[in-house]
Amino acid sequence: MAHGKPIATTRSATGIPTGKLAVWWVIASEIVIFGGLLVSYLLLRVRYWDEWGEAAAHTNVWCGLINTIVLLTSSLFIVLAHHAAEHNDTKKAFRYIWYTIAGGAIFLCVKGWEWNNEISHGYTITANTFWSFYYVACGLHGLHVIGGMVIMGIISFQARAGKELHRVELIGIYWHFVDVVWIFLFPLMYLANQ
Amino acid sequence: MIDQFIVSISTYGGDIDGLFRLITYVVAPFFIATEVVLFYFVFRFRHKPGVKAQYITGTKKEEKKWINIPHMLILICDVFLVIGAIKVWYNIKQRLPEAPGDQIEVIGQQWAWTFVHAGKDGALGTWDDITTVNELHVRPGVEYIYHLKSTDVLHCFSVPVFRLKQDAVPGRVIKGWFEVKEDFDFKDINGNHKQVFDVQCAEMCGLGHGVMAARMTVHTPEEYEAWVDENTPEKPADDKAVVSVD
Amino acid sequence: MSEHTDNGHHEETFLSKYVFSTDHKMIAMQYMFTGMIMAIIGGYFAYVFRMQLAHPGEIVPFFGTVGPGQYNALVTNHGTIMIFWVAMPVLIAAFGNFLIPLMIGCDDMVFPRINRLSYQIFLISAIVLIASFFVQGGGFSGAWTAYPPLSSQAKYSLTPLGSTLWITAVALEFVAFLLGGINFITTVMNSRAPGMKMFDIPIVIWMIVIASILFMLSVGPLIAGAVMLLFDQTVGTAFYDPTRGGDPILWQHLFWFFGHPEVYVVLLPAVGAVVEVICVFSRKKLFAYKIVLYTTFATGILSFFVWAHHQFIAGIDPRMANVFTVTTLLISVPIAEMCFVIIATLYGGSIRLKTPMLFALAFMAEFLIGGVTGIYLGASGSDIYLHDTYFVLAHFHYTFFPIAIIGVFTGIYYWYPKMFGRMMNEFLGKLHFWGTIISFNCIFIPLFFLGLAGQHRRIYNYNNFPDLSGEHLQDTRVFATRALLVLLLFQIPFIINFFMSMKFGKVAGKNPWKANTLEWVADSPAPHGNFEEMPEVYRGPYEYSVPGREDDHWPQNEPG
């Protein structure tokens, strides 16, 4: 099925590249999904302040902090990758994308260790509704991290071949969003336990 | 209007029926006018050979006024409807009688209604409470407060002749009130004697939702006293331990 | 600068042309036919449960006896199917996919493969839903609103597998439509024909775009809620379990925060189709195009602030109810205004009552009934009585039926020539129209009165309620059921017409209705790539009967 790209893809009545519009649309829909989850969390959290505060005290703030730094750093790398792509330095772009992916991998490893630790101490998803939210929200976020890593991997090879370089910026925007979600999750799940 | 279909026996039922009438009187002229205009235009502006349609942009003031004026009128009417609705709502749902004449505990479960009548002392949780299943007993002229509970899923305590509905939520006790009109004449809309009425569950609650029917008997004051006398449990002697069997 | 499509000679196999196509028109057809098949299933469910109501306990032909659990599953899935697998796929996905590239003058959507993926996910969601009817315990039966704890715990619902498959199917459908939305929004924003400014975009396209935005903004919290429900069902979390620190009312808020905008998500495209048809068949410029847009924006925004009118007596803080009464009565204002503007378009027209126009006019007349009866429900005081009665049911069928059935027929009869290159038969169309509309009213007007008499919803047999088992009420139920049978029978002329016209209908030509919008510039049926030469736009879409011109229409792409 060797069709060329539709003429529709060559137009830009708004002046904004179509790919960028699409990514922002995806991000907008994700904001509402995570927003709904977090608002639900907050409403119940406020209602059960003491009980959940007690549960939240057992989250591992150090892991959370490390993961925050890891994600922020990986965001830096995708920015550098985008910069390289803009200057057609495909090899550099490829490398920096993989540093970003590595950041994601570290994030997941830390999370894996953290969850394993928590579960073995009895803080499972059904232990308490705080923990239910913790695993669902962080789990959903983690799925988005994995998805982002996969897409970045694909784009890295396209970029190295000099193709679709604009996609480096687009996946960067998505990755920043994944970052921002974590910036909300960290204080809500880890810090607000007084 | 509603009372042409089902009798209204509570003190606030008439308010709800009145609100329904108000809405009808306010909305009907707009509705009828709009439909008439719609049908009239279709009829009047049927295609006739040689007659061209007009070119109207709807941007001129004389044209827009046909939209703006009804628009304003609707807004004004809405104010009346909102006030009417809030008044009725406030009376039924936002207040409780300060000195109620009686109390009832209403417990919904899959799939039956349990009623705990407060008994002679008018207080719930005492030995003279009368517990029934799917039977509610009340009398006119007394302000009742109900305490509504559910043991499992969402149910809804619905008494059509009161015009009352309230969802029962597990984990909560929801309070409300009702009073049967003092001058209730024990008649249905056809003038026949009627003192037993449906109580429904009005929230989907599973397999037995369609059999979750209770019956409410509105007694005359004398009948009610007799019923209470007959059904009050035996007073436990002070030296006996009371074992409750659920 | 003119653009030419790549009409390269590709080898098309059956699979590549019909199953794995990325052509927006083929994907539109896939959505449309899937939606039509699901409509038959949903309509069949209505037939079964109405037969049970008319003749309780008796064997229903082509089904058997209807037990209470089955009845609940039938009403649950009737509602679920009609909203998510009929109204949305046909009005948004089918019409949107078919019309957007054609009406804005380009050759396809900007992301054809994501488009194909969205249909594939949608198809899977339909299969998952249908599978739910055949698992042990049967299909989900907790009403389309799926309130927990009934929906979250199998010990209450008695349908462990059915419940999980149901919520999974709904979640997949949401994902499919989020993906579809990407194409609709970005294509309309960016790929318009040169010269097509914002206010030159046909209303139906605006409506589909705004509906997609509304959907996206409102569905997020429910996706979160659905994930939570799924976890409660399968893993044993307690998001909605009040005995373990959860809250069943949380689900209600998440559901209705989506549920209310959702009704406008389906309403808007239907109104869009009606607007197109009314302009074309009255040969009139749309009265106050901008007012239509502004009232649509207002309705869309307000729709996010009315949701708890579904929960007046649900146990929310009673003070909140007053806020939602105000917003709910307010939202009737922009909608009423939109209706007035559309009716005003008829003034001074030269109206031809062809089948599409008949359905468009019927939409207005019937939807008005739905709209005004909503006021009784939006007023908190009267809703205390009317909640969960057949009055509610009749109200929303007077909005949904115009949307999902009348609006859909308006669009199908109107755009059929462009889809299949042939005209549908007018006699069969009018027969279908009158049979549908008259019987529709005969079903649902009586239901208002049953509601006023106190008849509550989702009850499989009113003989259990002495006050509701009177002969008079039962006669009404029988009458409504018979009217439904008539309604279903009158769909046969439509089905015959639809399929026979594909082969035997009059050849349509490019622009049989003499309309202005760009889809009528392409051949009928529109070929792959849509236009031989990409059109350019010189004016708005509704320049009909312009003074001084001989032709009573002025296509958007004609220069000068």
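One can find the structure itself at the top, above this paragraph.
Fair warning: this is a prediction, and the values are worked out from it, not measured in the lab.

**Student:** Got a minute to help me understand the interface of chain A and chain C in this structure?
**Tutor:** Bring the parts together and some accessible area is lost; that lost area is often taken as the interface size. Counting residues at the interface gives 39 residues for chain A and 52 residues for chain C. Summed over both partners, the interface of chain A with chain C buries about 3600 Å², with 69% contributed by carbon and sulfur atoms. Summed over the shared surface of chain A and chain C, the number is one salt bridge. At the boundary of chain A with chain C, the tally comes to 14 residue pairs in polar contact (both at pLDDT 80 or more). For the side of chain A that touches chain C, the secondary structure elements donating two or more residues are α1 (18-47) and α5 (129-160) of chain A.

**Student:** Please explain a nonpolar patch on the surface as it appears in this structure.
**Tutor:** Nonpolar side chains collect at one region of the surface, where Met198, Phe199, Tyr294, Phe297, Ile301 and Phe305 of chain C lie side by side and expose about 600 Å² of accessible area between them. Along the chain, Phe297 of chain C falls in helix α9 (residues 289-302).

**Student:** Can you walk me through the pattern of salt bridges in this structure?
**Tutor:** Opposite charge on two side chains lets them pair, provided their charged atoms get close. Counting across every chain of the model gives 23 salt bridges over all chains. A salt bridge links Arg283 of chain C to Asp552 of chain C; its shortest N-O distance comes to 2.8 Å. Residue Arg283 of chain C is found in the loop between α8 (248-282) and α9, and its partner Asp552 of chain C is found in the segment after α16 (491-504); the two are separated by 269 residues along the sequence. Residue classification places Arg283 of chain C among the buried positions, given a relative accessible area of 5%. You can call Asp552 of chain C buried: its relative accessible area is 19%. Across the salt bridge formed by Lys510 of chain C and Asp523 of chain C, the nearest N and O atoms sit 3.6 Å from each other. Of this pair, Lys510 of chain C sits in the segment after α16 while Asp523 of chain C sits in the segment after α16, placing them 13 residues apart in sequence. Given the relative accessible area of 45%, Lys510 of chain C is considered partly exposed. Through salt bridges with shared partners, a single network forms among Lys194, Asp198 and Arg215 of chain B together with Asp467 of chain C.

**Student:** Could you clarify how one ought to interpret the sheet that holds strand β1 (residues 102-109) of chain B in this entry?
**Tutor:** Sheet strands line up and pair through hydrogen bonds in the backbone, either parallel or antiparallel. Residues and elements named next belong to chain B. In spatial order, the strands read β3-β2-β1-β5-β8; together these five strands make up an open sheet with mixed pairing. Either end of the sheet is taken by a strand with one partner, and the two such strands are β3 (130-133) and β8 (174-179). Strand-to-strand twist in this sheet, taken as the mean axis angle between neighbours without regard to direction, amounts to 25°. Where helix α3 (residues 221-231) meets the sheet, it contacts β1, β2 (112-117), β3 and β5 (143-150), and its direction lies at approximately 95° from that of β3.

**Student:** What is the right way to read the packing of helix α13 (residues 390-420) of chain C against α16 of chain C from this model?
**Tutor:** For any two helices packed against each other, the geometry comes down to the angle between their axes and how far apart the axes lie. Residue and element names in this part refer to chain C. Remark: α13 packs on α16, axes separated minimally by 11 Å, with the N-to-C direction vectors making an angle of 15°. Looking at the two axes, α13 sits roughly parallel to α16. Here the hand of the crossing between α13 and α16 comes out left-handed. Contacts between α13 and α16 pair Phe409, Ile412, Tyr413, Tyr416 and Phe420 from the former with Gln491, Phe494, Asn497, Phe498, Ser501 and Met502 from the latter. Broken down by class, the residue content of the contact of α13 with α16 amounts to eight nonpolar, three polar and no charged.

Rules used in this analysis
Residues numbered from 1 in each chain as written. Chains lettered and ligands numbered in written order. Predicted model: local features only at pLDDT ≥ 70, side-chain atom pairs only at ≥ 80, totals over all residues. Heavy atoms only, no water. Contact = heavy atoms within 4.5 Å. Buried area = accessible area lost by both parts, 1.4 Å probe. Salt bridge = Lys/Arg side-chain N within 4 Å of Asp/Glu carboxyl O. Polar contact = N/O pair within 3.5 Å; in protein donor to acceptor, adjacent residues only side chain to side chain. Helix = DSSP H or I, 4+ residues; strand = E, 2+ residues; numbered from the N terminus. Patch = residues over 30% accessible without salt bridge, like charges linked within 9 Å, V, L, I, M, F, W, Y side chains within 5 Å. Areas by Shrake-Rupley, 256 points an atom, 1.4 Å probe, with all protein chains shown as cover. Buried < 20%, exposed > 50% of the residue type's maximum accessible area, 1.4 Å probe, protein only. Pairing = 2+ DSSP bridges. Axes fitted to C-alpha atoms, helices over the stretch in contact; angles between N-to-C directions. Parallel < 35°, antiparallel > 145°, perpendicular 65-115°, else oblique. Left-handed = near helix turned anticlockwise from the far one by under 90°. Nonpolar A, V, L, I, M, F, W, Y, C, P; charged D, E, K, R; others polar.

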